[in-house]
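# Residue-level structure breakdown
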Amino acid sequence: MYMKKLYFLSLCALLSCGVCDASSRFKAHSRPESVFKELAAESKVMRPESSQEYIYDFGEWALISSTQYAYDRQGNAIEQTADEDGELFKVLSKFSEYNRPTEILGQIDEGSGWENSTLRTYEYDAVLHDYCIKRMGYDWEDGWVENAFCEQNIISRDEAGNITGITKLLPMGNLFIPAYKSEWKYTSGAATEFAYYANYGGMGMPSWQLYDGTSYKNIRWASCNGQMTGSSFYEFVSGPNKVEYADVYYNDEIDGHFLVTYTETGYSLRETFSDIEKVGKKVDYTTTDDNGGFKKTTYEYFDSEGNYSSEPTYIMEQTVVVDEHGNPTEETIYETMDGLRELVQGYRAEYSYDSDGNVEESTSYYYDYDSKQYVPDSKMVYGAYHDVSTGVEEISASTVAWNRTAEMISVSGSGVCGLRIYDMQGRSLLHSAGNPASLSLSGLPSGVYIARADGTGAILRFAK
């Protein structure tokens, strides 16, 4: 998480070859990504001042990192300072007016002060403010050196502002090479054709080939705003762009049909062979409550060679349960093959909340396929929450004066009635009353600490 990892991007994927009788459009199943990624955002701009992360190790919880946060008034974490088993890391972030990250600077302190580690920068489309058109990644090596995290997305639009194509460029050596591209064609202002390509020309002239040999024509939409950024047709079943029908072409010959019907609670998708009555794949999605829970069932009606089967050869059921605060409490994935239905992947989470509905502690469990049991995995404990939209910390900080040396810290100003020092676990270590208030740091071991001016919201993060 804190900048020690290298991120590598693949330039090209292998195309599959197929025959007309057994369409290679229908391939082996893949499981969805887990929804257990992060806590849901609160309705208020309440954010924790700290967190501690634990992993379950040999029957007990082991602390692996402690983090302190600072936020802007929109709730974006602009500073994260972490202690990971004695190693100190810091992440400084900047955000756009649309709350998208524009710069993420990673630093590390190995005993001689903060030093640069990595840097990432982001630029966004002028129309789609959350779509990144350029991201750059750098490692610090006596200066910033580009790494493989870099990517560019060049958007083409027609006179009406509709997206006609996006070309993705990825780094190869010191150059950006076209790697993938999408193309949209319009009839009477409506998007009616879609194709996605991969470049097999390497660093030479681009050699564009249809990705998986598949393209879509005669498209009809339930709704469409002309701003399609996805690379897979399965992405266009939610949001402002919802596909209703398309003819599917494989190697430039019609090979099937793509049909979606929508309801108030979800959708039903069918991808057929050239005979529209022969369904190759079906996806049923429905929301199960008002909190964000859902069930998604995928059926495959083809064998390992891609030949049609009148009965499903594979079924995957993904169910997600969400509590009233919007946080996922359970996710299960069942697979049915050869008549056998079994749980193959599962996650659970338990939360404790304060009186305002903020998460104080979350514990996650994963399903161990071998033992058929849920096993403790990780735990997060959060410090006190503050409404960062008020800017209390930012305002009050201007009304106090800090003075810190290697062995002493003091604070004075309007409203100050004392001084406290906390460690990265949120434990109070030292306290002094008064205005001004002073504390000796001589007894503290090396590390990162938080100084708080009692009577105000002012805090000071410092390393010793």
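Residues numbered from 1 in each chain as written. Predicted model: local features only at pLDDT ≥ 70, side-chain atom pairs only at ≥ 80, totals over all residues. Heavy atoms only, no water.

One open sheet holds the four strands; their spatial order is 30-29-32-33, and the pairing between them is antiparallel. In this open sheet, the two strands that pair with only one neighbour each are strand 30 (428–433) and strand 33 (459–463). For this sheet, the mean inter-axis angle between neighbouring strands, taken without regard to orientation, is 20°. Bridge count for strand 32 (residues 448–454) against strand 33 is five bridges, and the pairing is antiparallel. In the strand pairing of strand 33, Y449 is matched with F462. (Pairing = 2+ DSSP bridges. Helix = DSSP H or I, 4+ residues; strand = E, 2+ residues; numbered from the N terminus. Axes fitted to C-alpha atoms, helices over the stretch in contact; angles between N-to-C directions.)

It is worth spelling out the packing of aromatic side chains at this point. Counting across every chain of the model gives 25 aromatic pairs. When the ring of Y180 is compared with that of Y196, the centres are 6.0 Å apart and the planes differ by 10°; the resulting orientation is stacked. You can see Y180 sitting in strand 12 (residues 175–187) and its partner Y196 sitting in strand 13 (residues 190–199), a full 16 residues away along the chain. By the burial criterion, Y180 is buried, and Y196 matches it. Where F273 meets Y308, the ring centres are 5.8 Å apart and the plane angle is 80°; that geometry is what we call edge-to-face. Of the two residues, F273 sits in the loop between strand 18 (266–272) and strand 19 (279–287) while Y308 sits in the loop between strand 20 (294–300) and strand 21 (314–322), which places them 35 residues apart along the sequence. The class for Y308 is partly exposed, based on a relative accessible area of 35%. Ring pairing ties together the aromatic residues W184, F194, Y216, W221, F233, Y234, F236 and F258, which thus form one cluster. R348 extends its terminal NZ or CZ atom over the ring of Y374, reaching a point 3.8 Å from the ring centre. (Phe/Tyr/Trp six-rings, centres within 6.5 Å; stacked < 30°, edge-to-face > 60°. Buried < 20%, exposed > 50% of the residue type's maximum accessible area, 1.4 Å probe, protein only. Lys NZ or Arg CZ within 6 Å of the ring centre and 35° of its normal.)

Note: strand 6 (residues 101–109) against strand 7 (residues 114–124), seven bridges, orientation antiparallel. Its bridge partner lying in strand 7, G106 is registered against T118. Counting the residues in the hairpin turn of strand 6 and strand 7 gives four residues, including G111, whose phi is positive at 115°. In this sheet, strand 8 (residues 132–140) lies alongside strand 7 in antiparallel orientation, the contact comprising seven bridges.

On to the environment of G143. If you trace the backbone, G143 turns up in the loop between strand 8 and strand 9 (144–146). Overall, G143 belongs to the buried group, its relative accessible area being 19%. Sequence spacing of G143 and N116 is 27 residues, and the spatial spacing of their C-alpha atoms is 9.1 Å.

Attention now goes to the side chain of T272. Checked against the element boundaries, T272 lands in strand 18. Take T272: its relative accessible area is 0%, and that puts it in the buried class. Not counting chain neighbours up to four residues away, the residues in contact with T272 comprise R25, F26, D255, G256, H257, L259, K278, V279 and G280. (Contact = heavy atoms within 4.5 Å.)

Here the focus is the pattern of salt bridges. Once their charged atoms are close, side chains differing in charge can pair, the charge on each being opposite to the other. With the rule as written, the count across this model stands at ten salt bridges. The partner of E183 in a salt bridge is K181, and the shortest N-O contact between them spans 3.2 Å. By relative accessible area, K181 is classed as buried at 16%. Here R341 ties to E317 by a salt bridge, and the two come within 2.8 Å at their closest N and O atoms. In this pair, R341 is assigned in strand 23 (residues 340–353) and E317 in strand 21, connecting sequence segments 24 residues apart. What you see here is one network of salt bridges that share partners, running through R135, E151 and K168. (Salt bridge = Lys/Arg side-chain N within 4 Å of Asp/Glu carboxyl O.)

Looking now at the sheet that holds strand 27 (residues 400–404). The three strands lie next to each other as 27-28-31, forming an open sheet whose pairing is antiparallel. Each edge of the open sheet is held by one strand with a lone partner, namely strand 27 and strand 31 (437–440). Neighbour-to-neighbour, the strand axes of the sheet open up by a mean angle of 10°, direction not taken into account. Relative to strand 28 (residues 408–413), strand 27 runs antiparallel, the two being bridged by five bridges. Across the sheet, the residue bridging to V400 is G413, located in strand 28.

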